[in-house]
Amino acid sequence: MFKQQPILGIVVPCYNEEEVLELTVVELDAVLAGLEKEGLVSPESFILFVNDGSRDRTWPLIADLKERYRRVSGLNLAGNVGHQSALLGGLMTARRHADCLVSIDADLQDDVRVIRDMVLRYREGCDIVYGVRSSRQRDTWFKRTTAEGFYKVMEGLGLRIVNNHADYRLMSRRALDELSRFSEVNIFLRGMVPMLGYQTGIVYYERLERAAGESKYPLKKMISFALEGITSLSVKPIRMVTAAGFAVFAVSIVMAIYGIVSNLTGRAVSGWSSLIVSLWFIGGVQLLSIGLIGEYIGKIYREVKRRPLYIVERELPPAVRRRGEGAVREQDEAEQEGASAAPAPALY
């Protein structure tokens, strides 16, 4: 048991979420109020909204909410960097002020009530607590089938990944400190977090309908996200290309022997069908192989350049007293404008 109440931070990445943001604040603020009343978390607990280069009024709304809700803070990124980088930026920023952090999307599809269960598991000693969907009955057949196929592919590649878990999780500051040592630019948090190896727990919940606005993950982004996850964490796909090359080579040797024997026995029949099929097959395999190899080369290119994952334009920090310093940090005094670029995660 803790001698003191832990400071809980809730990190919410936002991209064009002005329609749902008011509802999100009400829900999350009520959750923190309830946890504080039970004595499970510190009154200094907070919510950090990360604006990922939204084109609507998301950031002005976050700044306005900070004035109206004492628990609200904000982080404005200089441009759109994508969900995973924005989420990581929020986690790395908020860990300075909290003992544990919960990451959740702004659309309220993840049941906020299980945050209490996450905190309880954290107080029992878990450094990482995953929010896992209990079922996918609300999904369309296509989305359910592709999602299940994605997790099976990831498992088949030997990756440690939690089935039906997205980015709804709790992490202790110790776990976040270790995550900050991961220096890669191509990030896939669902596969990186299980690599930490700390004591973990799981809480189950039923995914809800989106409260407002539109989904930020159309089919194109879903495919790109899946490809990013697979190629960021495993080299098995490129080894499969090598294996396919050997297999095609073996088939070609067999076909060559068959052709020679057919000629010697006088059973050779000229025809274009087999030739055309063979050419298309070999050509398709070659293009697929070149594309996959190019994907890995592109990732190497990004890693070598070491560009920052995100750049902070402005931070509106929470009023948090750092234990042992004996002073309360007021929100307005700690606002930062034109923050310097954040380097790779290991350098925060």
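A brief report on the enclosed structure follows. (Residues numbered from 1 in each chain as written. Predicted model: local features only at pLDDT ≥ 70, side-chain atom pairs only at ≥ 80, totals over all residues. Heavy atoms only, no water.)

1. Thoughts on the packing of aromatic side chains
- The full count for this structure, using the stated rule, is one aromatic pair.
- Ring plane angle 85 degrees and centroid distance 5.3 Å describe the contact between Tyr168 and Tyr205, whose orientation is recorded as edge-to-face. Placement of the pair is Tyr168 in strand E6 (residues 165-172) and Tyr205 in strand E7 (residues 200-205), with a sequence separation of 37 residues. We note that Tyr168, like Tyr205, is buried. (Phe/Tyr/Trp six-rings, centres within 6.5 Å; stacked < 30°, edge-to-face > 60°. Helix = DSSP H or I, 4+ residues; strand = E, 2+ residues; numbered from the N terminus. Buried < 20%, exposed > 50% of the residue type's maximum accessible area, 1.4 Å probe, protein only.)

2. A word on the nonpolar core
- Counting 39 residues, the largest nonpolar core has Leu8, Ile10, Val12, Phe49, Ile115 and Leu170 as the members making the most contacts within it.
- At the level of secondary structure, the elements contributing two or more residues to this core comprise strand E1 (8-14), helix H1 (21-38), strand E2 (46-51), helix H2 (58-68), strand E4 (100-103), helix H4 (115-123), E6 and E7.
- It is H1 that provides the largest number of residues to this core, a total of six residues.
- In this structure Leu170 touches Leu8, Cys100, Leu101, Val102, Met118, Val119, Tyr122, Asp127, Ile128 and Val129, once residues within four positions along its chain are discounted.
- Counting residues in hydrophobic clusters, the runner-up holds 33 residues, among them Ala86, Ala175, Leu189 and Tyr310. (Core = buried A, V, L, I, M, F, W, Y, C linked by side-chain atoms within 4.5 Å. Contact = heavy atoms within 4.5 Å.)

3. Focus: the pairing of E4
- Neither face of E4 is open: one carries Cys100 and Val102, the other Leu101 and Ser103, and all of them are buried.
- Note that E1 and E4 share four bridges and pair parallel. Across the sheet, residue Leu8 finds its bridge partner in E4, namely Cys100.
- Relative to E6, E4 runs antiparallel, the two being bridged by four bridges. Across the sheet, the residue bridging to Ser103 is Arg169, located in E6. (Pairing = 2+ DSSP bridges.)

4. A short note on unusual backbone geometry
- Of note, the phi angle at Asn16 is positive, near 55 degrees, even though the residue is not glycine.
- If you trace the backbone, Asn16 turns up in the loop between E1 and H1.
- One non-glycine residue, Leu108, lies in positive phi territory at about 65 degrees.
- You can see Leu108 is positioned in the loop between E4 and H4.
- A relative accessible area of 12% means that Leu108 is categorised as buried.

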